[in-house]
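# Coordinate analysis (summary)
The primary structure of each chain is shown beneath.
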Amino acid sequence: MADRRSLLKMSAMAAGAAPLLAAAPAVASDRPGRHGPLVIGHRGASGYRPEHTLASYELAARMGADYIEPDLVSTKDGVLVARHENEISGTTNVADHAEFAGRRTTKQLDGASVTGWFTEDFTLAELKTLRAVERLPAVRQRNTLYNGLFEVPTFEEVLQLRERLSRELGREIGVYPETKHPTYFRAAGLALEAPLVQALRKHGLDRRSAPVFVQSFEAANLRDLREKLGIRVPLVFLASAGGTPFADPKTYKAYLSPAGLAELAVFADGIGPDKSLVIPRNADGTLAAPTSLVADAHAAGLVVHPYTFRAENQFLPADYRVGADPNAYGKALDEQVAFLRTGIDGLFTDQADIGVLARSLR
C-alpha cells in the first residue's frame, strides 16, 4: 500500500490537484456513476472548504464527484438554503453581527433543546449578509483560511451551479439534497417538500432518469414526497446506527431488517446507512466483518449509499489510523476500498478526490 499512501499524502497537500484527478476513470455516459459506485461530495468538498458553500460544491465536482449534497433548511420567507442545520452559529459569522444579537434564542429541535441563531428567523436578504465559516476549525484548521469569503447559498443557486459545471466539465453533475428536520419545519409553517419539488421541476429534474436523489432521515417525509406530492426522482432513506426517526415509533434497526427494507421499497429507492451498519467495528475499534445489510437491501431492490467517509484519524477505524494525531490523515483510501468491496452502490465522502481514487482501486 506504499504507493496508495503516497497518493493520499499528495491529496492532503494539493486538495485534489492533478495527481488524483488524473486517476479518475473516464465517464462512460452523461449519467453520473455509470462507471462504478457513486462518489457523493458530502456537503461538497467539506474536507477542503467550509461546508455547504458554492465553493465547496464546485471543488467536489472538479475533483470528480458524481453528486454534490446540499442539506436544505428554510428561511423566514420560505426560501430553501443550504446549511447542515438550521442553527447557524457554528457555520456562519452570525455571532459577529451585532444587529442580530437579539435573534439568539433557544428552541426545541426534534426533541432536543438547542440555543443559537436559526435560519427560519432570518429573511433570505438577511442571511445573505452573513458569511460561512469552518464548522470544525480544530480538525480542519486549513479550512479557516476561507472563513468570511462565501455566502449561504440558496437551493436555486446550487441547481444553477450544477447546470454550469455539467456544461463546463462535459459530464452531468448530480444533486443529492437532504430535507433537514422536515417535521419541525412543517410545524413552523415552512414545509420543505413543496419548494423542493417546485425547484426540481423548474429545472427539469423531477424525472426518474434525472441525476437526483432526495434523502431524509424521516420515512414519513419520503412517503409524503412520493404519495402526496408525486415526486418522481429516486428517494433514499437515511439511517442512524441507533434510535428512531423523529416522531416515529419504528427504530432504524427495524427499518433495515429484511421486512423493513421491503416496506421502504414501496416508496423509496435506496438507503443511506451510517457506515458502521455496513461494516461495524470490533470492541477495540478495529474494522470487523461486513454485515448482511448490502445484500439484504439489494434483495429488496434498494441501492446502498453509506455515510460518512472522512480522512482524519479520529473518524477512521483504529487499524486504519496513522500516528497519534487525531486530526492527521490516516488510511482513508484503504478504508473506502474496503467498503466499496462490500458491493455498496456509492458513498458520501468529505474528500471527493479520495473517493474517486478508491473507486478505481476497488
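Residues numbered from 1 in each chain as written. Predicted model: local features only at pLDDT ≥ 70, side-chain atom pairs only at ≥ 80, totals over all residues. Heavy atoms only, no water.

## A few points about the pairing of strand 6 (residues 112-116)
Across a regular strand the side chains alternate sides, sitting on one face of the sheet and then on the other. Which entries qualify depends on this criterion: For two strands to be treated as a pair, DSSP must find at least two bridges joining them. We count a stretch as a helix when DSSP gives it H or I for four or more residues in a row; a strand needs E for two or more, and each element gets its number in order from the N terminus.
Sheet analysis places strand 5 (residues 105-109) next to strand 6, joined by five bridges and oriented antiparallel. From the neighbouring strand, Lys107 faces strand 6, where its bridge partner is Val114. Hairpin connection of strand 5 to strand 6: two residues between the antiparallel strands, including Asp110 at a positive phi of 50 degrees.

## What about unusual backbone geometry?
The amide bond that connects Tyr307 to the next residue, Thr308, takes the cis arrangement and shows omega of -20 degrees. Locating Thr308 in the fold gives a position in the loop between strand 12 (303-304) and helix 12 (332-340). The residue Arg43 is not glycine, and still its phi comes out positive at about 60 degrees. Within the secondary structure layout, Arg43 lies in the loop between strand 1 (38-41) and helix 3 (54-62).

## A few points about the nonpolar core
Note the cut-off: The set of buried Ala, Val, Leu, Ile, Met, Phe, Trp, Tyr and Cys residues whose side-chain atoms join them within 4.5 Å is what this entry labels a nonpolar core. Only protein chains enter the accessibility calculation, which uses a 1.4 Å probe. A residue is then buried if its area is under 20% of the maximum for its type, exposed if over 50%, and partly exposed in between. Residue contacts follow a heavy-atom distance rule, with two residues in contact if any of their heavy atoms lie within 4.5 Å.
Residues Phe155, Leu200, Val214 and Ile271 are the most contacted members of the largest nonpolar core, which totals 85 residues. Every residue in contact with Leu200, bar those within four places of it in the chain, is listed here: Phe155, Leu205, Asp206, Val212, Val214, Ile231 and Val233. Core analysis: the next-biggest nonpolar cluster, separate from the first, contains eight residues, Ile40, Tyr176, Phe213 and Phe348 among them.

## As for the pattern of salt bridges
Rules: The term salt bridge refers to a side-chain nitrogen of Lys or Arg lying within 4 Å of a carboxyl oxygen of Asp or Glu.
Counted by the stated rule, this structure contains 30 salt bridges. The salt bridge involving Lys107 is made with Asp121; its shortest N-O contact spans 3.0 Å. With Lys107 in strand 5 and Asp121 in the loop between strand 6 and helix 4 (124-127), the pair connects residues that are 14 residues apart, well separated along the chain. You can call Asp121 partly exposed: its relative accessible area is 22%. Here Glu312 ties to Arg140 by a salt bridge, and the two come within 2.9 Å at their closest N and O atoms. A residue pair is termed long-range when its members are at least 10 positions apart, and Glu312 in the loop between strand 12 and helix 12 and Arg140 in the loop between helix 4 and helix 5 (155-169) qualify at 172 residues. Pair check on accessibility: Glu312 and Arg140 agree, each one buried. What you see here is one network of salt bridges that share partners, running through Glu58, Arg62, Arg164 and Glu168.

## Brief notes about the side chain of Asn86
On the secondary structure map, Asn86 appears in the loop between strand 4 (80-82) and strand 5. Look past the residues within four positions of Asn86 in its chain and what remains in contact with it is Val73, Leu109, Trp117, Phe118, Thr119, Glu120, His181, Tyr184 and Phe185.

## Things to note about the pairing of strand 3 (residues 71-74)
Residue alternation in strand 3 divides its side chains into two sets, Asp71 and Val73 and Leu72 and Ser74, and both sets are buried. Bridge count for strand 3 against strand 8 (residues 178-179) is two bridges, and the pairing is parallel. For Asp71, the partnering residue across the bridge sits in strand 8 and is Glu178. Taken together, the three bridges between strand 3 and strand 4 define a ladder with antiparallel strand orientation. When the sheet's bridge partners are listed, Val73 is paired in strand 4 with Val81.

## A closer look at the confidence of the model for the protein chain
Spelled out, the test is: pLDDT runs from 0 to 100 and stands for how confident the predictor is about each residue.
Averaged over all residues, the pLDDT of the protein chain equals 92, while 91% of them reach at least 70. Mean pLDDT across the elements of the protein chain bottoms out in helix 2 (residues 18-21) (32) and peaks in strand 4 (99). For residues 1-30, every residue scores under 50 in pLDDT, and the model assigns this stretch 49 contacts once sequence neighbours within four places are set aside.

## Thoughts on the environment of Tyr307
Within the secondary structure, Tyr307 is located in the loop between strand 12 and helix 12. A relative accessible area of 15% means that Tyr307 is categorised as buried. Taking the C-alpha atoms as reference points, Tyr307 and Asn282, 25 residues apart in sequence, are found 19 Å from one another. The contact partners of Tyr307, leaving out residues within four places of it in the chain, are Phe217, Ala239, Ser240, Gly272, Pro273, Asp274, Lys275 and Phe348.

## Quick notes on the packing of helix 12 against helix 13 (residues 352-361)
Basically, it comes down to this: Angles here are taken between N-to-C directions and fall from 0 to 180 degrees, while the axes themselves are lines fitted to C-alpha atoms, restricted in helices to the stretch in contact. Our angle categories are set so that under 35 degrees counts as roughly parallel, over 145 as roughly antiparallel, 65 to 115 as roughly perpendicular, and the remainder as oblique. Crossings are classed by handedness, with left-handed meaning an anticlockwise turn of the near helix from the far one by less than a right angle and right-handed meaning a clockwise turn. Three classes are used: nonpolar for Ala, Val, Leu, Ile, Met, Phe, Trp, Tyr, Cys and Pro, charged for Asp, Glu, Lys and Arg, and polar for all others, with Gly counted as polar.
Two elements in contact, helix 12 and helix 13, have axes whose closest approach is 9 Å; the angle formed by their N-to-C orientations is 55 degrees. Of the possible angle classes, the one that applies to helix 12 and helix 13 is oblique. In this structure, helix 12 crosses over helix 13, and the sense of that crossing is right-handed. On the side of helix 12, the interface is formed by Ala332, Leu333, Gln336, Val337 and Leu340, while helix 13 contributes Ile354, Gly355, Leu357, Ala358, Arg359 and Leu361. Split by residue class, the contact of helix 12 with helix 13 holds eight nonpolar, two polar and one charged.

## Description of the packing of aromatic side chains
For the record, the criterion: When the centres of two rings from Phe, Tyr and Trp lie within 6.5 Å, Trp using its six-membered ring, the rings pair. Their planes under 30 degrees apart give stacked, over 60 give edge-to-face, and anything left gives tilted.
As enumerated under the stated definition, the model contains twelve aromatic pairs in all. Centroid distance Tyr67 to Tyr176: 5.9 Å. Interplanar angle 75 degrees. Geometry classified as edge-to-face. Separated by 109 residues along the polypeptide, Tyr67 in strand 2 (residues 67-68) and Tyr176 in the loop between strand 7 (174-175) and strand 8 bring together distant segments of the chain. Under the relative-accessibility criterion, Tyr67 is labelled buried at 1%. Each ring, one from Tyr176 and one from Phe348, has its centre 5.0 Å from the other, and the planes form 70 degrees; the classification is edge-to-face.

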